[in-house]
Amino acid sequence: MISVVDLDGEPDTEPGAGIVIATGSRFDPADPRLDRATFTLTERDDTDRRVIRVPSVPRALAEIEAHCRAHPHAAAICDDVLRAVDPTAPASAGVTTESLAYSTLQGGPEFARWLAERGPAEVPETPDPVLIDRDGDTLTLRFNRPGRHNAFSNAMRAGLLDGLAVAQADGSISEVVLSGTGPSFCSGGDLAEFGRFTDVASAHLARTRYSPALALDALTSRLGARCRAEIHGQVLGSGLEMAAYCGRVTAHPDTVLGLPELSLGLIPGAGGTVSITRRIGRWRTGYLILSGRTIDARTALRWGLIDEVS
């Protein structure tokens, strides 16, 4: 399901359809195959956003191929969505495309297999899952489920939307800060809640009609860098996707960032195919998803995924 193109040794090779991973060490930045590939792996330093440096290309290829073979539907649909989404267009179009694909995968065999392996799960109730504080013209929204690394729950979504609605409605608020209590900013969706929506059509409507991603995008359009995220610890999945919508993202040096959704038979579902692609391009976004690898704060800064390490 993956085609590999050697940019060094196959000058006439055209990437085929589907997931295409290019490799090389002496490639020409003007080579159009860099654009057409899902991403390019190399062992040299390179600032090109289409290229990912890895310690060993053969090892990275083997790991990515194994990860995609284990979740072929999710991997193929991920590549389709990243190619379809235009990060320069209004966010709503990309979020809708992403959600339709996510809903398709929710009804698929790979997610069903993951749910069966997980088994029954209970979600502990947390009082005040989002703390909302105002100081002058600054509104601070803090995720507050520290015992679960601020795993994003339905109650947390509702609390965040309430806080964002205040910021949207009150023009005197000129700064919004998104942060988290405890050891992590947000470790992604609460896995204990996954699978509770058996009606995927209703799940799609809920994701797109009640979307923190779109609310954050609207606030960033108004406030710019004064809509900011302060992240630390685990920043995974939906946590990273939402933070990336903010106009400025500051990360603690200990921050670990990643998109692990493929291991569930899913793709990012909180708007990340738009927000993260805007920051680092579809190629590095595709690498994060299809490899399942995490990156550290310094790499995220070099890529442009965050704006400051502090």
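Refer to the structure printed above.
Each value, and the rule that gives it
- Residues numbered from 1 in each chain as written.
- Predicted model: local features only at pLDDT ≥ 70, side-chain atom pairs only at ≥ 80, totals over all residues.
- Heavy atoms only, no water.
- Helix = DSSP H or I, 4+ residues; strand = E, 2+ residues; numbered from the N terminus.
- Rg over C-alpha atoms; globule rule 2.2 N^0.38 Å.
- Buried < 20%, exposed > 50% of the residue type's maximum accessible area, 1.4 Å probe, protein only.
- Contact = heavy atoms within 4.5 Å.
- Areas by Shrake-Rupley, 256 points an atom, 1.4 Å probe, with all protein chains shown as cover.
- Expected span 1.5 Å × (residues − 1).
- Bend = angle between axes of the 7 residues up to and from the residue.
- Axes fitted to C-alpha atoms, helices over the stretch in contact; angles between N-to-C directions.
- Parallel < 35°, antiparallel > 145°, perpendicular 65-115°, else oblique.
- Left-handed = near helix turned anticlockwise from the far one by under 90°.
- Nonpolar A, V, L, I, M, F, W, Y, C, P; charged D, E, K, R; others polar.
- Phe/Tyr/Trp six-rings, centres within 6.5 Å; stacked < 30°, edge-to-face > 60°.
- Lys NZ or Arg CZ within 6 Å of the ring centre and 35° of its normal.
- Pairing = 2+ DSSP bridges.
- Polar contact = N/O pair within 3.5 Å; in protein donor to acceptor, adjacent residues only side chain to side chain.

A. Representation of the overall build of the protein chain. The helix and strand inventory of the protein chain stands at 11 helices and 13 strands. Rg of the C-alpha trace for the protein chain: 19 Å, near the compact-globule value of 19 Å for 310 residues, within the 12% margin. The dimensions of the protein chain, computed from C-alpha atoms along their principal axes, are 60 × 40 × 35 Å. Counting across all 310 residues of the protein chain, residues that qualify as buried make up 52%. Pairs at least 24 apart in sequence give 67% of the contacts found in the protein chain among residues at least 6 apart. Of the roughly 13,200 Å² of accessible surface on the protein chain, 52% is carried by carbon and sulfur atoms.

B. Representation of helix H10 (residues 272-291) in the model. With 20 residues, H10 extends just 16 Å between its outermost C-alpha atoms, more than 12% less than the 28 Å of an ideal straight helix rising 1.5 Å per residue. Of all bends in H10, the biggest is about 115 degrees, found at Gly281. Downstream of H10 by a residue or two, Gly292 has a phi angle that is positive, lying close to 75 degrees.

C. Quick look at the packing of helix H6 (residues 154-169) against helix H8 (residues 212-223). Packing of H6 against H8 leaves a shortest axis separation of 10 Å and a crossing angle of 25 degrees. Taken together, H6 and H8 sit at an angle that is classed as roughly parallel. Crossing of H6 over H8 shows left-handed handedness. Across the interface between the two elements, Arg157, Leu160, Leu161, Leu164, Ala167 and Gln168 of H6 pack against Pro212, Ala215, Leu216, Ala218, Leu219 and Arg222 of H8. Classifying every residue of the contact of H6 with H8 gives 9 nonpolar, 1 polar and 2 charged.

D. Region of interest: the packing of aromatic side chains. What the rule picks out here adds up to 5 aromatic pairs. Between Phe39 and Tyr287 the ring centres are 5.7 Å apart and the planes differ by 90 degrees, which places this aromatic pair in the edge-to-face class. Of the two residues, Phe39 sits in strand E3 (residues 39-42) while Tyr287 sits in helix H10, which places them 248 residues apart along the sequence. Judged by centre distance (5.3 Å) and plane angle (55 degrees), the rings of Phe143 and Phe185 are tilted. Placement of Phe143 in strand E6 (residues 138-143) and of Phe185 in the loop between strand E7 (175-180) and helix H7 (200-209) is noted, with a sequence separation of 42 residues between them. Residue Phe143 is classed as buried on the basis of its relative accessible area of 0%. Its relative accessible area of 0% is what places Phe185 among the buried residues. An aromatic cluster is built from Phe111, Trp114 and Phe194, whose rings are joined through pairwise contacts. Between the NZ or CZ atom of Arg44 and the centre of the ring of Phe27, over which it lies, the distance is 4.4 Å.

E. Examining H8 more closely. Across its 12 residues, H8 extends 16 Å between first and last C-alpha, which sits within 8% of the 16 Å expected from 1.5 Å per residue. For H8, every residue scored as buried is listed here: Pro212, Ala213, Ala215, Leu216, Asp217, Leu219, Thr220 and Leu223. Check the buried side of H8 and you find it contacts helix H4 (91-106), H6, E7, strand E8 (227-231), helix H9 (238-243) and H10. Gly224 sits one or two residues past H8 and shows a positive phi near 60 degrees.

F. Structural detail: the sheet that holds strand E1 (residues 2-6). The strand order across the open sheet formed by 4 strands is E1-E2-E3-E4, and the pairing between neighbours is parallel. Of all strands in the sheet, those bounded by a partner on one side alone are E1 and strand E4 (51-53). Taking the axes of each pair of neighbouring strands and ignoring which way they run, one obtains an average angle of 30 degrees across the sheet. Pairing geometry for E1 and strand E2 (residues 19-23), over 5 bridges, is parallel. Looking at E2, one finds that Ile2 is bridged to Ile19. This element, helix H2 (residues 57-70), spans E1, E2 and E3 of the sheet and lies at about 140 degrees to E3.

G. Layout of the sheet that holds strand E10 (residues 248-251). Taking strand neighbours across the sheet as the criterion, the 6 strands line up as E5-E6-E7-E8-E10-E13 in an open arrangement whose pairing is mixed. In the strand order of this sheet, the two ends are held by strand E5 (130-135) and strand E13 (308-309), each with one partner. Bridging between E8 and E10 involves 4 bridges; their strand directions are parallel. Following the sheet pairing, Glu230 is matched in E10 by Thr250. H6 rests against E5, E6 and E7 of the sheet, and its axis sits at about 175 degrees to E6.

H. Quick peek at the side chain of Thr38. With respect to the element layout, Thr38 can be found in the loop between helix H1 (32-36) and E3. Side chain to side chain, Thr38 and Arg83 meet in a polar contact 3.2 Å long. Excluding residues within four positions of it along the chain, Thr38 makes contact with Gly18, Ile19, Val20, Asp79, Arg83, Arg282, Trp283 and Leu290.

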